[in-house]
Amino acid sequence: MTTAAAVLFLAGLALAVASWLWGPPLLASLRRLRVRRQPFPPAWREILRRRMPGFARWPADVQLQLKKHAQVLLAEKPFIGCGGLSITDEMRVLIATQASLLLLNRRAGYFPNLRQVLVYPGAFVVDRTAAGPGGLARDERRVLAGESWQQGQVILSWDDVLAGAADPGDGRNVVIHEFAHQLDQESGFANGAPFLGRRERYARWSAVLGLEFAALQQRLVRGETGLIEPYAATDAAEFFAVVSELFFERPAALAAEHPALYGELARYYRAHPLLW
Ligand SMILES: [Zn+2]
């Protein structure tokens, strides 16, 4: 092989390796740029005006970002109706826009593990065999407003999605809750710690959230109620999902009563709903 041929061969090899390494993400970012450049359809804007009264009160830049993220989510994630439900634009837009709250400034991808969003007309019943005490298999039957699976599914009750969007200040939002579980599940089993990057961030995260979780359990033992609902004491994963709902829906109360927790969530979500 001549020197020129060798150089050409090596250059070709480098190009092949580069496109194998960066090709798919590059194509995805180009596709997303194209989607984000499209105008947000007026019919979708009307859906937000009618069904999500909190949306119009947020700053213009937050609204714009949410719409762009929602457009990408809608272009990439299939929505599937269950229990006889036919998926409409109203369902897709309302779910995607609320889920986009968790993405705002994070630049961490669009729920990369999420493959489908399944929607039931109302609360749905799940039958499953769970490991009970002593390793016994125990059949569970529960009525749920939502669920998030590590295999890439979020399941939602449309009634509960509507209720969550209709009252932006009650601290309850099934879309935020289930998509927070998806973030948690990106780094393996839901354990209350999403992917945080550097090791010292995990230490601070578990110190802050661990302390708040323990404090909640102590309050419940004493029979006290507070801002954070008792369901959050189930485990660390539910705690993260429930306080994420409060962070976006009752930021002032969360910051006043649990400032360290608010601060940690603000760092993670790269957002300050308190200022909106
Ligand atoms: Zn949950």
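Parameters at a glance
One numbering rule holds for all chains: residues counted from 1, following each sequence as written. Confidence filtering applies because this is a predicted model: local features only for residues at pLDDT of at least 70, side-chain atom pairs given and counted only at 80 or more, and all residues used for totals across whole chains, interfaces and linings. Note that water and hydrogens are dropped before the side-chain values are worked out from all heavy atoms of the structure. For Na, K and Ca the donor cut-off is 3.2 Å; for every other metal, N, O and S atoms count as donors within 2.8 Å. Water does not enter the count, which can leave sites looking incomplete. Note on geometry labels: four donors, all angles 85 to 135 degrees, give tetrahedral; four donors become square planar and six octahedral when opposite donors are over 155 degrees apart and every other angle is between 65 and 115; remaining cases are irregular. The way it works is that DSSP assigns letters per residue, a run of H or I at least four long becomes a helix, a run of E at least two long becomes a strand, and they are numbered from the N terminus. Buried, partly exposed and exposed residues are distinguished by accessible area as a fraction of the type maximum, computed with a 1.4 Å probe on protein chains only: under 20%, between the cut-offs, and over 50%, respectively. Throughout, a residue-residue contact means that at least one pair of heavy atoms, one from each residue, lies within 4.5 Å. Counting rule applied: Lys, Arg positive; Asp, Glu negative; His and chain ends not counted. A pairing counts as a salt bridge when a side-chain nitrogen of Lys or Arg comes within 4 Å of a carboxyl oxygen of Asp or Glu. Two N or O atoms form a polar contact when they lie within 3.5 Å of each other; inside protein one atom must be a possible hydrogen donor and the other a possible acceptor, and for residues adjacent in sequence the pair counts only when both atoms belong to side chains.

*Asks:* How do you make sense of the coordination of the zinc ion when you look at a structure like this?
*Replies:* Around a metal, the idealised angle for a tetrahedral arrangement of four donor atoms is 109.5 degrees; for an octahedral arrangement of six donor atoms it is 90 or 180 degrees. Here the zinc ion is held by His177 (NE2), His181 (NE2), Glu238 (OE) and Glu238 (OE), and the distances to it run 2.0 to 2.7 Å. The coordination sphere of the zinc ion comprises 4 donor atoms, whose angles at the metal cover 53 to 146°; the geometry is irregular. In the primary sequence, the donor residues of the zinc ion line up as H-x3-H-x56-E. Of this pair, His181 sits in helix 6 (residues 174–185) while Glu238 sits in helix 8 (residues 236–249), and the two are 57 residues apart along the sequence. When sorted by exposure, His181 lands in the same class as Glu238, which is buried.

*Asks:* Looking at this model, I keep getting lost on the side chain of Gln185. Mind explaining?
*Replies:* Inspection of the secondary structure assignment puts Gln185 in helix 6. Sequence-distant contacts of Gln185, defined by excluding residues within four places in its chain, comprise Asn113, Ser148, Trp149, Gln150 and Ala190.

*Asks:* I tried to follow the side chain of Arg106 on my own but got confused; where do I start?
*Replies:* As for its placement among the helices and strands, Arg106 is situated in the loop between helix 4 (89–100) and strand 2 (116–120). There is no salt bridge for the buried Arg106, and the closest opposite charge comes from Glu186, which lies 5.0 Å off by N-O distance. Polar side-chain contacts of Arg106 include one of 3.0 Å to the backbone oxygen of Leu102. Engagement of the side chain of Arg106 in a polar contact is seen with the side chain of Tyr268, the distance being 3.1 Å. Ignoring any residue separated from it by four or fewer positions in sequence, one finds Arg106 in contact with Leu183, Tyr268, Tyr269 and Arg270.

*Asks:* Any chance you could explain the pattern of salt bridges here in plain terms?
*Replies:* Close approach of charged atoms allows side chains with opposite charge to pair. A full pass over the atoms with the stated rule returns 10 salt bridges. Among the salt bridges present, the one from Glu224 reaches Arg222, with a minimum N-O distance of 2.7 Å. Exposure remark for Arg222: the relative accessible area of 54% places this residue in the exposed category. Between Arg267 and Glu264 there is a salt bridge, with the nearest N and O atoms lying 2.9 Å from each other. A residue pair is termed a helical-turn pair when its members lie 3 or 4 positions apart in one helix, as Arg267 and Glu264 do in helix 10 (residues 259–269) at 3 residues. With a relative accessible area of 41%, Arg267 lands in the partly exposed category. Three or more residues are tied together by salt bridges with common partners; here these are Arg50, Arg51 and Glu90.

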